[in-house]
Amino acid sequence: MTNEELQRLVEHISLTSFNKPFVHQARFNPRLRTTGGRYLLQSHHIECNPHQLAVHGKEALVKIIKHELCHYHLHLEGKGYKHRDKDFILLLNQVGGARYCKEITSLKRISTKQYTYKCKTCGTSYKRKRRIDTTKYVCGKCRGKLVVLK
């Protein structure tokens, strides 16, 4: 699906589900990882995660679009557009939007912690991304000497 097709889909969903036009821009943002989409408050544009479409299909994308359109229309009307607001929850339930998007396991980040340090005295272990100087740093619990395990 292209950005133009997404734009037409969002406009169609806005008219059929909300009976209101969507007059701003909708586009895919491939940099999105942990969210299905987002509504931008300043520009009123909507960005969607193309990985959601590729992994979970058009049905999941439609639910994400409905979710973002709830933010859009409520914000423009001056009503509660945040996730915790009653107006948002009611409208989301009325149109059948997704409260949360489905997880994409292939995009999960792998832990990059490389160094493991262990206290000689109490045995507490610490994982760190960067190497630390064991002559300067000590255990945070007992102030014992640290040794590198990995």
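From a predicted model like this one, the values you see are computed outputs, not experimental measurements.

## Observations concerning the nonpolar core
Leu6, Leu61, Ile65 and Leu69 are the most contacted members of the largest nonpolar core, which totals 22 residues. Those elements that provide at least two residues to this core are helix H1 (3-18), strand E1 (26-28), strand E3 (46-48), helix H3 (58-77) and helix H4 (86-95). Element by element, the count of residues in this core is highest for H3, at six residues. Ignoring anything within four residues of it in the chain, the contact list for leucine 69 reads Val10, Ile13, Ser14, Phe18, Phe22 and Ile46.

## Remarks on the pairing of strand E5 (residues 125-128)
The pairing of strand E4 (residues 115-119) with E5 spans four bridges and is antiparallel. What sits directly across from tyrosine 115, in E5, is arginine 128. Hairpin connection, E4 to E5: the antiparallel pair is bridged by five residues, and glycine 123 has positive phi, about 85°.

## As for the side chain of threonine 124
Turning to its location among the elements, threonine 124 is positioned in the loop between E4 and E5. The residues contacting threonine 124, other than those within four sequence positions of it, are Tyr117, Lys118, Cys119, Cys139 and Lys141.

## Comments concerning the packing of aromatic side chains
The final tally for this structure, using the stated rule, is two aromatic pairs. A centroid spacing of 5.9 Å and a plane angle of 85° characterise the contact between tyrosine 39 and tyrosine 72, whose relative ring orientation is edge-to-face. One end of the pair, tyrosine 39, is in strand E2 (residues 37-39); the other, tyrosine 72, is in helix H3, with 33 residues separating them in the sequence. For tyrosine 39, a relative accessible area of 10% translates into the label buried. Connected via pairs of aromatic rings, a cluster forms that spans Phe22, Tyr39 and Tyr72.

Here is what the cut-offs are and how they apply
- Residues numbered from 1 in each chain as written.
- Predicted model: local features only at pLDDT ≥ 70, side-chain atom pairs only at ≥ 80, totals over all residues.
- Heavy atoms only, no water.
- Core = buried A, V, L, I, M, F, W, Y, C linked by side-chain atoms within 4.5 Å.
- Buried < 20%, exposed > 50% of the residue type's maximum accessible area, 1.4 Å probe, protein only.
- Helix = DSSP H or I, 4+ residues; strand = E, 2+ residues; numbered from the N terminus.
- Contact = heavy atoms within 4.5 Å.
- Pairing = 2+ DSSP bridges.
- Phe/Tyr/Trp six-rings, centres within 6.5 Å; stacked < 30°, edge-to-face > 60°.

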